[in-house]
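For reference, the chains in residue letters:
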Amino acid sequence: ELCSIKSSAPSSVKLIIHLVWPCYQYFEITMAIIKSGKVVIVLAGRYAGRKAVVVRTLESQSAPDSRRKGQPTRVLIAGIARSPRHVTRSMSKKKVEKRSKIKPFVRSVNVNHVFPTRYQVDMDLKKCVGESTDGGSGAPKGDAKSDACKALKKVFEERYLNQRDVTSEKKAIGSSYFFKKLKF
């Protein structure tokens, strides 16, 4: 049915339909891909351009569009606000530890504002973020957020310094990608 519409339309309309048509199905594809442990890139907001890991998907309270009813529209992500600096072999242990500091963040983000990558990590971040959120639907607030960030900082720094200890090769590649600064 779409082909008959395109064939009867003028060439300029055909071009527009070709450009716009894949966007209609983007939401369903994205939610099939975005799962806990997936490395994503934040596209909008304060942390745009930063890498993050999906902690969990959050169920939508009320979806006005029947097509998206019951599907999660937000994800809870934990990411790196400030990446670790470059380290070489000639640096001392003390200098390596100092340059390996990571500043994390925790956010609840709309799925349209994250770009899923092909990488996965096997860090268990649900324990760090905890279930003590406002009603179980969103990012931690206040003291819970600062505690979550402190726990995330420990987990991220430990994993960054011990990247060789990851058992699965696929997860090791995802972990090394996650800690590299995105250059654009």
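Residues numbered from 1 in each chain as written. Predicted model: local features only at pLDDT ≥ 70, side-chain atom pairs only at ≥ 80, totals over all residues. Heavy atoms only, no water.

(A) Looking closely at the packing of helix α6 (residues 143-161) against helix α7 (residues 169-179). Packing of α6 against α7 leaves a shortest axis separation of 10 Å and a crossing angle of 115°. Classified by the interaxial angle, the pair formed by α6 and α7 is roughly perpendicular. α6 and α7 meet at a crossing whose hand is left-handed. Where α6 abuts α7, its residues Phe156, Arg159 and Tyr160 lie against Ser175, Phe178 and Phe179. Its residues assigned to classes, the contact of α6 with α7 shows four nonpolar, one polar and one charged. (Axes fitted to C-alpha atoms, helices over the stretch in contact; angles between N-to-C directions. Helix = DSSP H or I, 4+ residues; strand = E, 2+ residues; numbered from the N terminus. Parallel < 35°, antiparallel > 145°, perpendicular 65-115°, else oblique. Left-handed = near helix turned anticlockwise from the far one by under 90°. Contact = heavy atoms within 4.5 Å. Nonpolar A, V, L, I, M, F, W, Y, C, P; charged D, E, K, R; others polar.)

(B) Structural view of α7. Along α7, the residues classified as buried are Gly174, Ser175, Tyr177, Phe178 and Phe179. The secondary structure elements touched by the buried residues of α7 are β1 (38-42), β2 (51-58), β3 (74-82), β5 (114-120) and α6. (Buried < 20%, exposed > 50% of the residue type's maximum accessible area, 1.4 Å probe, protein only.)

(C) Quick peek at the sheet that holds β3. An order of β4-β3-β2-β1-β5 is seen for the five strands of this open sheet, with the pairing classed as antiparallel. Edge positions in the sheet fall to β4 (103-110) and β5, since each has one partner strand and no second. The mean inter-strand angle of the sheet, taken between neighbouring strand axes irrespective of direction, is 40°. Contacts between α6 and the sheet are confined to β3 and β4, with β4 contributing the most and set at about 120° to the helix. (Pairing = 2+ DSSP bridges.)

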